[in-house]
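Spelled out from the first residue to the last, the chains are:
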Amino acid sequence: MKLTNRFIALEKRILSKKMYLCLLLLIIAITAIYQLLPARNTSADIKVAMYSEDTSGHYEELVEQLEDLNSIYTFYTVDSEEELTKDVGSGYAQCGYVIPEGFFQSYVEGSAWENPMKLYITPSSTFYSVINETVFSSILSVCAQDLLLYSVSTPSFNRELAEGLEYYRNSQDVFTIADTTSGEFTFENMVYHIKLPIMEIVSILILFSALLGLLLHLHDRERKIYVALPDRELSQVKAISIFTALVPITIIGMLSMAISYEKLLYPIFVLIVSAICYLLVILLSLIIKKSSHLEKLLPLIMLVALIGVFIKTII
Amino acid sequence: MTRIKLMGHLIFADLKRLKNYILSIIIATLIIATICGMAGGVLAKNMYKTGTKEIIGIGYYLPEDGKEDMNNMGITMLQDMESMKSTATLIQVPTIEAGYELLEQEEILYFIIVPEKFISSIMNGTNTPLEIVVWDNSSVTSYIANEMFMSYAKYLGLAQSSVYSTLDTARNNNLSDEERKALRTTVNLTFLDRSLNKDSFFEIEDASMQGQASLLQHYLASAVMLTLIFMSFVLMPHLQGYNKALRVKLDTFNLGNLHILISNLISCLAGLYISFIPCFIGISIINKSFNPLGLIKIIPSLLIIGFIISLVAVLTRSIFAANMTTLLVGIAIAYIGGGIIPSAMLPSIIQDLSQLTPGHFLIENISAALFGF
């Protein structure tokens, strides 16, 4: 009876703490947000960003040619180098090309190595060397006429050479390769539900609640509330204090998991996390005897837990 | 006693009190910097997951047509292309049947059957067709390989078109055989150069760089920023050490919250500087470079962080509330400033905000102080 009364009294007290209520509301809010989040579309195509400072007119031709290709890559133009690096850096584009002023002219004259393009990649850009072939074969195609006239260097032949090149490149007399893909592969948008690390967030909040329970108990002891209690009962009160801090958040956490994932496994997992947190905080209470020490240590524990969860989510 | 003199005494007394915290500051710095630094290192390594790409097996059959040297030269040129090196493994098969067997066993995705006198047919314009057998023509891999072959064919087709056009023009203008040959060679070499030397026509830039800093340097700067912000866990008892009696006494000399804030800011600045020194030494050792100017460059960051911590100390009523507030504020500053996830990966609204927030400036300034940008 005494135990039940203590439990009820401590439960009332923890539920009167604004910070604790905020934690409970946070879990409810996250669950609601998760339910209301729209499904997200993603596409399997490989995006390549293009930006040019070249004003020779070849760039427009190149972009037109790349866009017209029946390619697995989607080439698109951006308005600045900054936008391009952002797209590649964020993973939206597989890679990005920045063409400097006068690049096409120097390409034709064979001095492009002095005025090279910039190819922006990240460690996750896997296909850039293959994309290079598509880009450079198109650059060669765009510059083919200029390149031919430049290499022959006889202005009186220019018209004839240009007409001849145009004739042959559209004829069956030169080497071509038939498209071997069947066209069955489509870049259909895949729809999936955005994932939030709810389990991880709930686990952190459970740990925080348990620590809060211990902190409140230490505050009470320092205020000499339990001064008349023998040591054995004091330990019992400490255990109940931590337990009462865990009960409401565990129930809300289990409900949140059941609603979010609709699987029995997740609520059980919350229960296990609560049990582990309970044991950890009980062990911690054997070392920490002063609330001021816990007040200093608590943010550090939370920091480590947050870093751990964040790294787990990223990896 | 004038108010300024009293203010001076207050600052001096606070700085004297700070002496008791030096050991705690150094120990806390080592612990928090190690945790944040390790987390930064892990993030820098994993933020951009290194792409795993399937290497495609491509089988080829070369006929015994007496032109083995030419055929091998063609294959070597193909093998030397960067795109081929990074995407495919070329496997020569002794017979056509062996190639089909490898296809069936899914050892190769493509099987190229080179016809007799293929290279000479390209030279003379007969262009005997290649036979390419594909195991699966609907997967992403096959699309990518197909794209590669189409590009190679485009190079070849354009070079041929140019050579044929040159030869026609030379013939029509009655050039001698030698002149024709010389022109053909020039055109051939020009197109060969532009097709094969493309790797020198571009420079690879790392889009994961954060300004001048590499991703690892960026995360280390972010870790130092967080360490300095979280130094409030140690400094807070010092900053909130004004009890009621002391406040009343200060009040009688017309010294209020603003004066306490200023005094707090100065002692906080000193505490943060003590905390920065081990970080600076550690990073200098890791980076194997010492940038003494960094010890001056860091001051604006220390002022900003000191101001934030002092403000939290004045606005909160208990150490616990102050610590939890700093924890949340610190994480928010780091997140919005791109110190947890690179700016480019943040939602667009936060990206726009990021440039205006102290976090962005702090990380840039700390990077500059640590790495000498």
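Small disclaimer: the values here were computed from a predicted structure and weren't measured.

A.B. asks: Mind showing me how you'd approach the overall build of chain A here?
C.D. replies: The secondary structure content of chain A amounts to eleven helices and six strands. Residues classed as buried in chain A amount to 38% of the 315 residues present. Within chain A, residue pairs in contact and separated by at least 24 positions form 79% of the contacts whose partners lie at least 6 positions apart.

A.B. asks: Just to check I follow, could you spell out the overall build of chain B for this structure?
C.D. replies: Each helix and strand in chain B was counted, giving 17 helices and five strands. Relative to the compact-globule value of 21 Å for 373 residues, chain B shows a C-alpha radius of gyration of 35 Å, a clear excess of over 25%. Overall size of chain B, expressed as C-alpha extent along the three principal axes, is 110 × 55 × 40 Å. Counting over 373 residues, chain B shows a buried share of 38%. Long-range contacts, defined here as pairs at least 24 residues apart, represent 78% of the contacts in chain B between residues at least 6 apart.

A.B. asks: Would you mind going over the interface of chain A and chain B with me for this structure?
C.D. replies: The parts lose accessible area when they come together, and the size of an interface is often stated as this lost area. On the chain B side, the residues contacting the 68 residues of chain A number 78 residues. Put simply, the parts of the chain that give the side of chain A that touches chain B at least two residues each are α4 (81-89), β5 (117-121), α6 (128-152), α7 (158-169) and α11 (291-314) of chain A. Ranked by the residues each element gives to the side of chain A that touches chain B, the list is headed by α6 of chain A, at 14 residues. Grouping the constituent residues of the side of chain A that touches chain B by class yields 38 nonpolar, 20 polar and ten charged. As paired elements, β5 of chain A and strand β5 (residues 202-206) of chain B share five bridges and run parallel to each other. By the bridge assignment for β5 of chain B, I121 of chain A is matched with D206 of chain B.

A.B. asks: Mind showing me how you'd approach the packing of helix α10 (residues 232-239) of chain B against helix α12 (residues 257-287) of chain B here?
C.D. replies: Describing two packed helices takes the angle between their axes plus the distance from one axis to the other. Residue and element names in this part refer to chain B. The N-to-C vectors of α10 and α12 enclose an angle of 145°; their axes lie 11 Å apart at closest approach. Every pair of crossing elements has a handedness; the one defined by α10 and α12 is right-handed. Residues L235, H238 and L239 of α10 touch α12, and the partners they reach there are N264, S267, C268 and G271. Residue composition of the contact of α10 with α12, by class: three nonpolar, four polar and no charged.

A.B. asks: Honestly, the sheet that holds strand β2 (residues 88-92) of chain B in this entry has me stumped. Any pointers?
C.D. replies: Strand pairing in a sheet relies on backbone hydrogen bonds. The paired strands run either parallel or antiparallel. Residues and elements named next belong to chain B. Strand order in the open sheet made by the four strands is β2-β1-β3-β4, with mixed pairing throughout. Every other strand in the sheet has two partners, leaving β2 and β4 (131-134) as the edge strands with one partner each. Taking the axes of each pair of neighbouring strands and ignoring which way they run, one obtains an average angle of 20° across the sheet. Relative to β4, strand β3 (residues 110-113) runs antiparallel, the two sharing four bridges. Within β4, the residue paired with I112 across the bridge is I132.

A.B. asks: Whenever I open this one, the sheet that holds strand β4 (residues 95-99) of chain A confuses me. Can you help?
C.D. replies: Here we have five strands laid out as an open sheet, ordered β3(A)-β2(A)-β4(A)-β5(A)-β5(B), and mixed in their pairing. Only two strands of the sheet have a single neighbouring strand rather than two, namely β3 (73-77) of chain A together with β5 of chain B. Neighbour to neighbour, the strand axes of the sheet diverge by 25° on average, direction disregarded. Packed on one face of the sheet, helix α3 (residues 58-68) of chain A meets β2 (46-52), β3 and β4 of chain A and runs near 150° to β3 of chain A. In the packing of α6 of chain A onto the sheet, contacts are made with β2, β3, β4 and β5 of chain A, and the angle to β4 of chain A comes to roughly 40°.

A.B. asks: When you look at helix α14 (residues 299-315) of chain B in this model, what are you seeing that I'm missing?
C.D. replies: Along an α-helix, residues three or four apart share an orientation, since each turn contains 3.6 residues. Residues and elements named next belong to chain B. A rise of 1.5 Å per residue sets the reference length of α14, with its 17 residues, at 24 Å; its end C-alpha atoms lie 24 Å apart and thus fit the reference within 8%. Those residues of α14 that fall on the buried side of the exposure criterion are S301, L302, I305, G306, I308, I309, S310, V312 and A313. Buried-residue contacts for α14 involve α9 (215-230), α10, α12, α15 (319-336) and α17 (358-371).

A.B. asks: I would appreciate a short explanation of the nonpolar core in the present structure.
C.D. replies: Counting 73 residues, the largest nonpolar core has V48, C95 and C143 of chain A as its most contacted members. The element contributing the most residues to this core is α6 of chain A, with 13 residues. Residue contacts for C95 of chain A: discarding those within four places in its chain leaves V48, V88, L119, Y120, I121, S125, Y128 and I131 of chain A. Listed in part, the 57 residues of the second largest apolar core include A33, A39, M225 and F233 of chain B.

A.B. asks: Is there a simple way to explain the packing of α14 of chain B against α15 of chain B in this structure?
C.D. replies: Residues and elements named next belong to chain B. Viewed as axis vectors pointing N to C, α14 and α15 meet at an angle of 145°, and their least axial separation amounts to 9 Å. Crossing handedness for the pair α14 and α15: right-handed. Contacts between α14 and α15 pair I308, I309, V312 and A313 from the former with A322, T325, T326 and V329 from the latter. The residue inventory of the contact of α14 with α15, partitioned by class, reads six nonpolar, two polar and no charged.

A.B. asks: Looking at this model, I keep getting lost on the confidence of the model for chain A. Mind explaining?
C.D. replies: Caution applies to low-pLDDT regions: their predicted coordinates should not be interpreted in detail. All names here are of chain A. Confidence along chain A averages 85 in pLDDT terms, with 90% of residues attaining 70 or more. Confidence, expressed as mean pLDDT per element, reaches its minimum in chain A at strand β6 (residues 190-193) with 50 and its maximum at β4 with 95. Within the model, the stretch residues 182-191 combines pLDDT values under 50 with 17 contacts to residues more than four positions away or in other chains.

A.B. asks: Explain the environment of R17 of chain B to me, please; I cannot follow it from the model alone.
C.D. replies: Residues and elements named next belong to chain B. When you line up the elements, R17 lands in helix α1 (residues 3-18). Sequence-wise, R17 and G241 are 224 residues apart; in three dimensions their C-alpha atoms are separated by 9.7 Å. When neighbours within four sequence positions are excluded, R17 is seen to be in contact with H238 and G241.

A.B. asks: Which parts of the structure should I look at to understand unusual backbone geometry?
C.D. replies: Across the chain, the bulk of peptide bonds are trans and the bulk of non-glycine residues have phi less than zero. All names here are of chain A. Of note in this structure, S153 is not a glycine but carries a positive phi near 55°. Secondary-structure assignment places S153 in the loop between α6 and α7. Since 10 C-beta atoms lie within 10 Å of it, S153 is described here as exposed. Despite not being glycine, K224 shows a phi value in the positive range, around 65°. Considering the arrangement of structural elements, one finds K224 in the loop between α8 (198-222) and α9 (231-261).

A.B. asks: I'm lost on the environment of L23 of chain B in this one. Help?
C.D. replies: Tracing the backbone through its elements, the reader meets L23 of chain B in helix α2 (residues 22-46). Once the C-alpha coordinates of L23 of chain B and D352 of chain B are considered, the two residues, 329 residues apart in sequence, prove to be 41 Å apart.

A.B. asks: What is the right way to look at the environment of D146 of chain A in this model?
C.D. replies: Residue and element names in this part refer to chain A. Tracing the sequence through the fold places D146 in helix α6. Residue D146 is classed as partly exposed on the basis of its 17 C-beta neighbours within 10 Å. The spatial distance from the C-alpha of D146 to the C-alpha of K18 is 75 Å, given a sequence separation of 128 residues.

A.B. asks: How should I be thinking about the pairing of strand β1 (residues 56-61) of chain B in this particular structure?
C.D. replies: Residues and elements named next belong to chain B. Of the strand pairs in this sheet, β1 and β2 are connected by five bridges, and their pairing is parallel. Within β2, the position partnered with I58 by the bridge is L90. Looking at chain direction, β1 and β3 are connected through four bridges and run parallel. Each bridged residue has a counterpart across the sheet, and for Y60 the counterpart in β3 is I112.

Definitions and limits used
Residues numbered from 1 in each chain as written. Chains lettered and ligands numbered in written order. Predicted model: local features only at pLDDT ≥ 70, side-chain atom pairs only at ≥ 80, totals over all residues. Helix = DSSP H or I, 4+ residues; strand = E, 2+ residues; numbered from the N terminus. Buried ≥ 20, exposed ≤ 12 C-beta atoms within 10 Å, placed from the backbone. Contact = placed C-beta atoms within 7 Å. Rg over C-alpha atoms; globule rule 2.2 N^0.38 Å. Nonpolar A, V, L, I, M, F, W, Y, C, P; charged D, E, K, R; others polar. Pairing = 2+ DSSP bridges. Axes fitted to C-alpha atoms, helices over the stretch in contact; angles between N-to-C directions. Left-handed = near helix turned anticlockwise from the far one by under 90°. Expected span 1.5 Å × (residues − 1). Core = buried A, V, L, I, M, F, W, Y, C linked by C-beta atoms within 7 Å. pLDDT = per-residue confidence, 0-100.

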